[in-house]
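These are the residues of each chain, in order.
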Amino acid sequence: MSTYICIDLKSFYASVECVERGLDSMESNLVVADPTRGGGAICLAVSPHLKALGVRNRCRIFEIPKDIDYITAMPRMKKYIEYSANIYEIYLKYISKDDIHVYSIDEAFLDVTNYLKLYKKSPKDLALTIMNDIYDKYGIRATAGIGTNLYLCKVALDIIAKHSTDFIGILDEESYKEQLWFYEPLSDFWQIGTGISNRLHRLNIHNMYELSIHDERELFKEFGINARLLIDHSKGIEPTTIKEIKEYKPKHKSISNSQILFKDYNKEDALKVLIEMLDIVYLELIRINKYTSCISFYIGYSKDIISPLSLSRKIDSTDSFQVLLNCLIDNYNKYVSNTYKIRRLGITLSCLCSSSVQLNLFSKNECEEEIGHAINEVKDKYGKNYLFRGVSLEENATALKRNRLIGGHNAE
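Rules used in this analysis
- Sequence positions are assigned chain by chain, starting from 1 and proceeding in written order.
- pLDDT decides what is reported in this predicted model: residues at 70 or higher carry local features, side-chain atom pairs at 80 or more are listed and counted, and totals for whole chains, interfaces and linings draw on all residues regardless.
- The basis for every side-chain value is the complete set of non-hydrogen atoms in the structure, without hydrogens or water.
- By the criteria applied, helices consist of DSSP H or I runs no shorter than four residues and strands consist of E runs no shorter than two, each listed in order from the N terminus.
- Every residue pair with non-hydrogen atoms within 4.5 Å of one another is taken to be in contact.
- Only when DSSP finds a minimum of two bridges between them are two strands counted as paired.
- Only the stretch in contact is used when fitting a helix axis, every axis being a line fitted to C-alpha atoms; angles between N-to-C directions are given from 0 to 180 degrees.
- For each residue, the accessible area found with a 1.4 Å probe, counting protein chains only, is set against the maximum for its type, and the residue is called buried under 20%, exposed over 50%, and partly exposed in between.
- Throughout this description, a polar contact denotes any pair of N or O atoms lying within 3.5 Å of each other; where both atoms belong to protein, one of them has to be capable of donating a hydrogen while the other can accept it, and for residues adjacent in sequence the pair is counted only when both atoms sit in side chains.
- The predictor attaches a confidence to each residue, called pLDDT, with possible values from 0 through 100.
- What makes a salt bridge here is a side-chain nitrogen of Lys or Arg within 4 Å of a carboxyl oxygen of Asp or Glu, nothing more.
- For classification purposes, angles smaller than 35 degrees are called roughly parallel, those larger than 145 roughly antiparallel, those between 65 and 115 roughly perpendicular, and all remaining angles oblique.
- Crossing handedness is defined as follows: a turn of the near helix away from the far one that is anticlockwise and smaller than a right angle gives a left-handed crossing, while the clockwise case is right-handed.
- Residue polarity is assigned by list, with Asp, Glu, Lys and Arg as charged and Ala, Val, Leu, Ile, Met, Phe, Trp, Tyr, Cys and Pro as nonpolar; anything else, Gly included, falls into the polar class.
- By the counting rule applied here, Lys and Arg register as positive and Asp and Glu as negative, while His and the ends of each chain are not counted.
- Candidates for patches are residues over 30% relative accessible area with no salt bridge; among them, like charges are joined within 9 Å and nonpolar side chains (Val, Leu, Ile, Met, Phe, Trp, Tyr) within 5 Å.
- Reported accessibility uses the Shrake-Rupley method at a 1.4 Å probe radius. Residues are deemed covered only where the shown protein chains occlude them.

Considerations on the side chain of S197
Summarising the element assignment, S197 is placed in helix α8 (residues 194-202). In contact with S197, not counting residues within four places along its chain, are L186, S187 and I192.

This is the structure:
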């Protein structure tokens, strides 16, 4: 039987900021947020002590009770990546990289099946050893889930560990059914978001037991192939292994870019940003030597006053920026509202292929393709802001600022 450990670094960004200030995250009130974005700015993380006071993670600054004193720390993504890389080195002290799957900057899965006899430790003792090593060296507290498959160790982490005095949760298929079959809400379970949970509720399914006994035909009708995942997880089954994850070779099916604007934009200014985003996905298209035959864009209006606009257009297979730009502008001007302010943007190139179907002798612009490769080389060598399109110098453009961010947040 396999044994997996999923380790999560508690309130990671906030914990790093506490460590950097010589504070204990379990006793200090600290939020990681950019106050220059106003009271509506999202807190990327809040310290465990603040959570204990009822402040939820990912809240907005104005939602923190006024009677709570706290420290605000600007996000420093480079610093968090540095800590994450150092903690990964601790994992490597105990587990081969072949048996580690990094799930996010603050979370990793470890297949410890073949290490328990080596270290002569139980899964819990090995988890505690790694957690204590992380804390002793970097001052970051961790939680852990232990399970007989990837799903069970993740659920043990997310639901069981938070209520455990040693911050460790343990599950196998039988204990999963005993402890969590009737647990609610469903949205607490891994890979069941609010949308899926609401759809399950409409089928009169409110817990994993009800899901496990529900008519599978109805589930497949509602969720398609994804029903298999829900059915297996309801019974604590997950056949995928870390080895299979590492062997998976994704195919480029689409390239996309999206962002939430720093403020409400009018139609004219939002188009500038969308053109910058088109340049990003276009240069990636050139980088991977693909062609696209479908361009899509998404417009989210401020405060959801009206429904968002999502539009796709088929085009002849191309890798020409000018062709893509003309299609984008034509449809943008035709369909985007002149009345309402815009707050969210997205653009996607899809239906990617490795060759173009040339309809005429002049459809392929080799010069434009060569320029695209040259631009990528310059950006790779000197940085994204070393070479850019003129639109990025216009008022309310965002690319130059966003290029200095990591994951949309302050880099240092």
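Don't stop here, the text continues.
Quick look at the sheet that holds strand β8 (residues 168-171)
Pairing within the open sheet is mixed, and its 5 strands lie in the order β5-β6-β1-β7-β8. This sheet does not close on itself; its edge strands, each paired only once, are β5 (100-104) and β8. For this sheet, the mean angle separating the axes of adjacent strands, direction not counted, is 15°. Set on the sheet, helix α3 (residues 77-94) makes contact with β1 (4-9), β5 and β6 (107-111); between it and β5 the angle comes to about 155°.

With respect to helix α6 (residues 150-160)
Within α6, 10 of the 11 residues are buried, leaving the element largely enclosed by the surrounding structure. Taken together, the buried positions of α6 are L150, Y151, L152, C153, K154, V155, A156, L157, I159 and I160. Of the residues that open α6, the one with a side-chain oxygen 3.1 Å from the backbone nitrogen of Y151 is N149.

Here we look at the confidence of the model for the protein
Looking at the protein as a whole, the pLDDT averages 91, with 95% of positions reaching at least 70. Contacts from residues 359-363, a stretch scored under 50 in pLDDT, to residues over four places away or in other chains number 2 contacts.

So, the pattern of salt bridges
Where charged atoms from two side chains of opposite charge approach closely, those side chains can pair. The tally for this structure, following the rule as stated, stands at 22 salt bridges. In this structure, E20 engages K79 in a salt bridge whose closest nitrogen and oxygen atoms are separated by 4.0 Å. With a gap of 59 residues between them, E20 in helix α1 (residues 12-20) and K79 in helix α3 connect regions that are remote in the sequence. Ionic pairing is found between K243 and E247, a salt bridge with its closest N-O pair at 2.6 Å. Of this pair, K243 and E247 both sit in helix α12 (residues 242-247), 4 residues apart, roughly one helical turn. In this structure E247 comes out as partly exposed when scored by relative accessible area, which is 46%. Each of E17, R21 and R76 takes part in salt bridges that share partners, so that together they form one network.

A few points about the packing of α8 against helix α10 (residues 216-223)
As a packed pair, α8 and α10 sit with axes 11 Å apart at the nearest point and diverge in direction by 140°. With respect to their mutual orientation, α8 and α10 come out oblique. Note that α8 runs across α10; the crossing there is right-handed. Along the contact surface, α8 presents I196, R199 and L200, while α10 presents L219, E222 and F223. Split into classes, the residues belonging to the contact of α8 with α10 amount to 4 nonpolar, no polar and 2 charged.

Some points on the side chain of K379
With respect to the element layout, K379 can be found in helix α15 (residues 366-382). In this structure K379 is buried but unpaired, with D279 as the nearest side chain of opposite charge at 5.1 Å.

Digging into a nonpolar patch on the surface
Residues Y382, Y386 and L387 make up a contiguous nonpolar surface patch of roughly 330 Å² in combined accessible area. Relative to the helices and strands, Y382 is located in helix α15.

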